[in-house]
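What follows is each chain in one-letter form.
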Amino acid sequence: FTEMGRQPWIVFGLMPTSAGVSPGTTLTEVLISLIGFTLVYGFLAIIEVRLLLKTIHGGLPEIPPADDESTGAGMTGTTETERPLAFAY
Amino acid sequence: MELTTVWFILITILWIGYFVLEGFDFGVGILTRLLARDETERRVLINTIGPVWDGNEVWVLVAGGATFAAFPEWYATLFSGFYLPLFLILVSLIFRGVAFEYRGKRPEASWRQWWDRAIFAGSLVPALLWGVAFGNIVRGVEIDADKEFVGSFFDLLNPYALLGGLVTTSLFLTHGAVFVSLKTTGDIRTRARALALKVGLAAAAIAVAFLVWTYDQRSDAPHIGWYVALAVAAALSLVAALIAIRAGREGWAFLGTAAAIALAVAALFVSLFPNVMPSSIDPAFSLTTSNASSTPYTLKIMTWVAVIFTPVVLLYQSWTYIVFRRRIGVQHIPTAVAVEPTVSGPTR
């Protein structure tokens, strides 16, 4: 809407939109990118919303018992450098 | 020194930073398919670049932004002329970035396979297309008297530029394999070394052929002597890197591949100077540092901003690398999926 309200200026009062058009870029190219980006972002938006819903429906994870890692057999022979990453991709 | 020359050098440095840094994470992205034997190993590879790939990518935004502000005519001709290739690069980078974040969000194997494809293609396509783009810039494209690109998309797919694409792909793959050997432990480290040597030999042959062909393309350039010196230094650095990886000196090898990429990018920019985009129609139509630049006042403001903020950026980016400096092995990969809930909800 900011783009629509600004028309017919690309820089308000200084440069009309018609002066900002790239002469070398064809209509086909602009169409390909417009449709392409719309599809990409639409596709990713659907995935994102579905992941959000899945996480919400999954509820909060249980908090692991505090002494799970700091005591017991897991500690012996396990130095800090050998422990699994706290966050991993 | 004129400010236009300063900004030409700064933009060269930004592209060097981009290719040296994102080069290895593109390489690792491609290697997720070539080197990893199972899901855990694939996750080891992804986690070597996990904390740094997005910071690496910012370099290209700054390079593009600096070109926009310092050389608007260069930016306009380049981004309009290379419209579709740059669109493809952007789409690849979007899917690749999302893939790193999304692949662990669901436990199904098919879900991960799709995002693994996105990581592979999203790393391979930009690695290839950046080389094609730079090949075309150095070779010269059809630019008319109005500083407009008048060629077509298919003109960009000439043999010289395509060889440039092979150079970046093979160099980034070598750089990535060396990075993996530097950042992992165990079996995958040994295999990364062996692969780095194998791909590196191919990369060296392709890169030397490209650099010689570039000499042929730009032999009348004003600074061709400097080009030759930098190109030879780039080739020697790559050879030194391969000798180092063979000897198991991974740190030196990484320094070598980084230097090879940096020197090769520097050589290409030197071969252009003072042109920024040579015209293949008439040398008089070429874009140069003077006819494509902003006003001196704009450049003065930009120089002050760069002088103040560049050290800050370099400091915090180095900090990321220091924090995440440890090697990763299969033993460090937690078995649980990141967000696998332990309590299942009612509507799953």
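None of the values given here were measured: they were computed from a predicted structure.

1. Some points on the confidence of the model for chain A
Residue and element names in this part refer to chain A.
Step number 1: Here chain A shows a mean pLDDT of 82. Residues at 70 or above account for 82%.
Step number 2: The element-level mean pLDDT for chain A is lowest in helix α3 (residues 67-70), coming to 52, with helix α2 (residues 27-58) highest at 94.
Step number 3: In the model, residues 70-77 has pLDDT below 50 throughout and makes three contacts with residues more than four positions away in sequence or in other chains.

2. So, unusual backbone geometry
Step number 1: In this structure, P8 of chain A follows Q7 of chain A across a cis peptide bond, with omega equal to 5°.
Step number 2: Locating P8 of chain A in the fold gives a position in the loop between α1 (2-6) and β1 (9-11).
Step number 3: Cis rather than trans, the peptide bond between F273 of chain B and P274 of chain B has omega equal to 0°.
Step number 4: Along the polypeptide, P274 of chain B turns up in the loop between α10 (250-272) and β1 (275-277).
Step number 5: We note that K147 of chain B has phi near 65°; this positive angle belongs to a residue other than glycine.
Step number 6: Its location among the elements puts K147 of chain B in the loop between α6 (109-139) and α7 (159-183).

3. Overview of the interface of chain A and chain B
Step number 1: Contacts between the two partners involve 32 residues from chain A, matched on the other side by 35 residues from chain B.
Step number 2: Of the roughly 3200 Å² buried between chain A and chain B, counting both surfaces, carbon and sulfur atoms make up 63%.
Step number 3: On the chain A side of the interface with chain B, the three residues burying the most area are L51, K54 and Y89 of chain A, jointly 24% of the side's total.
Step number 4: The interface formed by chain A and chain B holds zero salt bridges in total.
Step number 5: Where chain A meets chain B, there are nine residue pairs in polar contact (both at pLDDT 80 or more).

4. What to know about the pattern of salt bridges
Residue and element names in this part refer to chain B.
Step number 1: Evaluation of the coordinates by the stated rule reveals 16 salt bridges over all chains.
Step number 2: For the salt bridge of E39 with R112, the shortest nitrogen-to-oxygen distance reads 2.2 Å. Here E39, found in helix α2 (residues 39-49), pairs with R112, found in helix α6; they are 73 residues apart in sequence, far enough to count as distant.
Step number 3: Residue classification places R112 among the buried positions, given a relative accessible area of 9%.
Step number 4: A salt bridge links E73 to K147, with the nearest nitrogen and oxygen atoms 3.6 Å apart. Of this pair, E73 sits in helix α4 (residues 72-81) while K147 sits in the loop between α6 and α7, placing them 74 residues apart in sequence.
Step number 5: Exposure remark for E73: the relative accessible area of 32% places this residue in the partly exposed category.
Step number 6: Salt bridges linked by common partners bring E39, R42, R103, R112 and D116 together as one network.

5. Structural notes on the packing of aromatic side chains
Residues and elements named next belong to chain B.
Step number 1: Per the counting criterion, the structure on display carries 30 aromatic pairs over all chains.
Step number 2: Here Y18 and F19 contribute two aromatic rings whose centre-to-centre distance is 5.3 Å and whose plane-to-plane angle is 50°, an arrangement assigned as tilted. Of the two residues, Y18 and F19, both sit in the buried class.
Step number 3: Each residue in the set F8, W15, Y18, F19, F26, W130, F134, F172, F269 and F273 is aromatic and connected to the rest through ring pairs, giving one cluster.
Step number 4: Looking at R106, its charged tip hangs above the ring of W111, at a distance of 5.7 Å from the centre.

6. Digging into the environment of Y160 of chain B
Residues and elements named next belong to chain B.
Step number 1: For Y160, the location among the structural elements is in helix α7.
Step number 2: Residues Y160 and Q217, 57 residues apart in the sequence, show an inter-C-alpha distance of 9.4 Å.
Step number 3: Sequence-distant contacts of Y160, defined by excluding residues within four places in its chain, comprise G135, V138, R139, F210, W213, T214 and Q217.
Step number 4: Polar side-chain contacts of Y160 include one of 2.7 Å to the side chain of T214.

7. Some thoughts on α7 of chain B
Since the α-helix turns once every 3.6 residues, residues separated by three or four places project in the same direction.
Step number 1: Counted at 1.5 Å a residue, the expected span for α7 of chain B with its 25 residues is 36 Å, and the 36 Å between its end C-alpha atoms agrees.
Step number 2: Counting buried positions along α7 of chain B gives 21 out of 25 residues, so the element sits mostly inside the fold.

Rules behind the numbers
- Residues numbered from 1 in each chain as written.
- Chains lettered and ligands numbered in written order.
- Predicted model: local features only at pLDDT ≥ 70, side-chain atom pairs only at ≥ 80, totals over all residues.
- Heavy atoms only, no water.
- pLDDT = per-residue confidence, 0-100.
- Helix = DSSP H or I, 4+ residues; strand = E, 2+ residues; numbered from the N terminus.
- Contact = heavy atoms within 4.5 Å.
- Buried area = accessible area lost by both parts, 1.4 Å probe.
- Salt bridge = Lys/Arg side-chain N within 4 Å of Asp/Glu carboxyl O.
- Polar contact = N/O pair within 3.5 Å; in protein donor to acceptor, adjacent residues only side chain to side chain.
- Buried < 20%, exposed > 50% of the residue type's maximum accessible area, 1.4 Å probe, protein only.
- Phe/Tyr/Trp six-rings, centres within 6.5 Å; stacked < 30°, edge-to-face > 60°.
- Lys NZ or Arg CZ within 6 Å of the ring centre and 35° of its normal.
- Expected span 1.5 Å × (residues − 1).

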